[in-house]
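Each chain, letter by letter, is given below.
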Amino acid sequence: EEGENTDTILLVRIPEDGSSATAISIPRDVYVEETAVGPSKINGVYGATKAASLDRAMENSPTGEVTEEDREDAVKAGRNGLINAVEGLTGVRADHYAEIGLLGFVLLTDAVGGVPVCLNNDVNEPLSGANFQAGVQTISGSDALSFVRQRHDLPAGDLDRIVRQQAFMSQLVKKTLSAGTLTDPTKLGALVEAARRSFVIDQNWDFVDFALKLKDIS
């Protein structure tokens with residue numbers, strides 16, 4: 001579909017005293033009001049702010065065309081718009097920012113050899129592509145993407161999808177930091193390459209240190 005929705009938004013807090021990290025998920029349909037785009041669902045703020053920046057660049061362009069610098073500025077505007085929306089909604093200052101796309105998610109789960117999940121019931125939901133049997137299983141690639149994207153046919157819709165995502169990401173962090181991954185040169189190399197291709201993070205951020213501090217998250 002057209003558009004650049006931010007379908008999963010997590011706010012993570014790591015206390016300076018070394019105690020356990022906590023994370024909350026922000027439902028994609030929460031309404032916020034941003035200066036650049038007006039009232040909007042929070043998952044649309046990034047795309048709308050980016051589009052507004054491109055529109056302004058087009059209006060101010062002598063040739064009527066946008067430059068590569070304009071496009072880069074628009075992406076930055078979209079990210080800053082989303083950060084502002086999260087800060088305005090929660091009252092919490094965001095010190096760092098990380099972004100991952102759908103392909104990156106697939107690459108990461110493949111790099112760690114899949115992630116274990118457990119379903120109470122069989123699932124066959126064509127809109128997300130989720131098609132799983134009940135019970136414990138290890139999923140990766142596009143199956144993992146379908147697992148975390150499903151919201152139709154779940155009793156609480158997007159709120160149940162959030163539960164799915166939290167369970168999955170908790171297991172993904174554990175798998176990433178396990179000895180089987182960190183001591184296996186092939187797996188570690190694949191993980192580093194997947195992260196390099198997948199993540200956008202702000203400058204001056206030790207991402208490995210960040211991941212290690214997440215290891216005790218529930």
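Residues numbered from 1 in each chain as written. Predicted model: local features only at pLDDT ≥ 70, side-chain atom pairs only at ≥ 80, totals over all residues. Heavy atoms only, no water.

Student: Even after reading the chapter, I still don't get a nonpolar patch on the surface, so can you show me in this structure?
Tutor: On the surface, a cluster of nonpolar side chains totalling about 230 Å² of accessible area is made up of Leu182, Leu188 and Val192. Mapped onto the elements of the fold, Leu188 is located in helix α7 (residues 185-198). (Patch = residues over 30% accessible without salt bridge, like charges linked within 9 Å, V, L, I, M, F, W, Y side chains within 5 Å. Areas by Shrake-Rupley, 256 points an atom, 1.4 Å probe, with all protein chains shown as cover. Salt bridge = Lys/Arg side-chain N within 4 Å of Asp/Glu carboxyl O. Helix = DSSP H or I, 4+ residues; strand = E, 2+ residues; numbered from the N terminus.)

Student: Got a minute to help me understand the pattern of salt bridges in this structure?
Tutor: Where charged atoms from two side chains of opposite charge come close, those side chains can pair. One pass over the full model with this rule turns up eight salt bridges. Two residues, Asp7 and Arg28, come together in a salt bridge whose shortest N-O distance is 2.9 Å. Here Asp7 is found in the segment before β1 (10-13), whereas its partner Arg28 is found in the loop between β2 (22-25) and β3 (31-34), with 21 residues between them in sequence. Two residues, Glu68 and Arg71, come together in a salt bridge whose shortest N-O distance is 3.8 Å. You can see Glu68 and its partner Arg71 sitting in helix α2 (residues 68-90), three residues apart, about one turn around the helix. Among the residues examined, Arg71 registers a relative accessible area of 40% and is labelled partly exposed. A network of salt bridges, in which partner residues are shared, links Asp7, Arg28, Asp29 and Lys41. (Buried < 20%, exposed > 50% of the residue type's maximum accessible area, 1.4 Å probe, protein only.)

Student: Got a minute to help me understand the environment of Val45 in this structure?
Tutor: On the secondary structure map, Val45 appears in helix α1 (residues 45-60). On the basis of relative accessible area, Val45 is assigned to the buried category, the value being 0%. Distance in space between the C-alpha atoms of Val45 and Glu34 is 7.7 Å, their sequence separation being 11 residues.

Student: Which parts of the structure should I look at to understand helix α4 (residues 141-149)?
Tutor: Think of an α-helix as 3.6 residues a turn; residues three or four steps apart then line up on the same face. Among all positions in α4, only Gly141, Ala144, Leu145, Ser146, Phe147 and Val148 are buried. Check the buried side of α4 and you find it contacts α3 (102-111), β6 (115-119), β8 (130-132), β9 (135-139) and α5 (158-176). (Contact = heavy atoms within 4.5 Å.)

Student: Sorry, what's going on with the packing of α4 against α5 here?
Tutor: Relative placement of two packed helices is described by the angle separating their axes and the distance separating the axes. Contact geometry for α4 and α5: axes closest at 7 Å, N-to-C directions at 135°. Taken together, the axis directions place α4 and α5 in an arrangement best described as oblique. For the pair α4 and α5, contact is made by Ala144, Phe147, Val148 and Arg149 and by Arg161, Arg164, Gln165 and Phe168, respectively. Considered class by class, the residues forming the contact of α4 with α5 number four nonpolar, one polar and three charged. (Axes fitted to C-alpha atoms, helices over the stretch in contact; angles between N-to-C directions. Parallel < 35°, antiparallel > 145°, perpendicular 65-115°, else oblique. Nonpolar A, V, L, I, M, F, W, Y, C, P; charged D, E, K, R; others polar.)

Student: Is there a simple way to explain empty space enclosed by the protein in this structure?
Tutor: Picture a little ball the size of a water molecule; that probe, rolled over the atoms, points out where space is still empty. Summed over the entire model, instances satisfying the criterion amount to one cavity of 30 Å³ or more. The volume enclosed by the largest cavity comes to roughly 40 Å³. Together, Asp7, Thr8, Ile9, Ser25, Ile26, Pro27, Arg28, Asp158, Arg161, Ile162 and Gln165 line the largest cavity. It is α5 that contributes the most residues to the lining of the largest cavity, four residues altogether. Across the lining of the largest cavity, the residue classes tally to four nonpolar, three polar and four charged. (1 Å grid on protein atoms, 1.4 Å probe; cavity = no way out; pocket = protein on both sides within 12 Å on 5 of 7 lines; lining within 4 Å. Points joined across faces, edges and corners; volume = space filled by probe spheres on them.)

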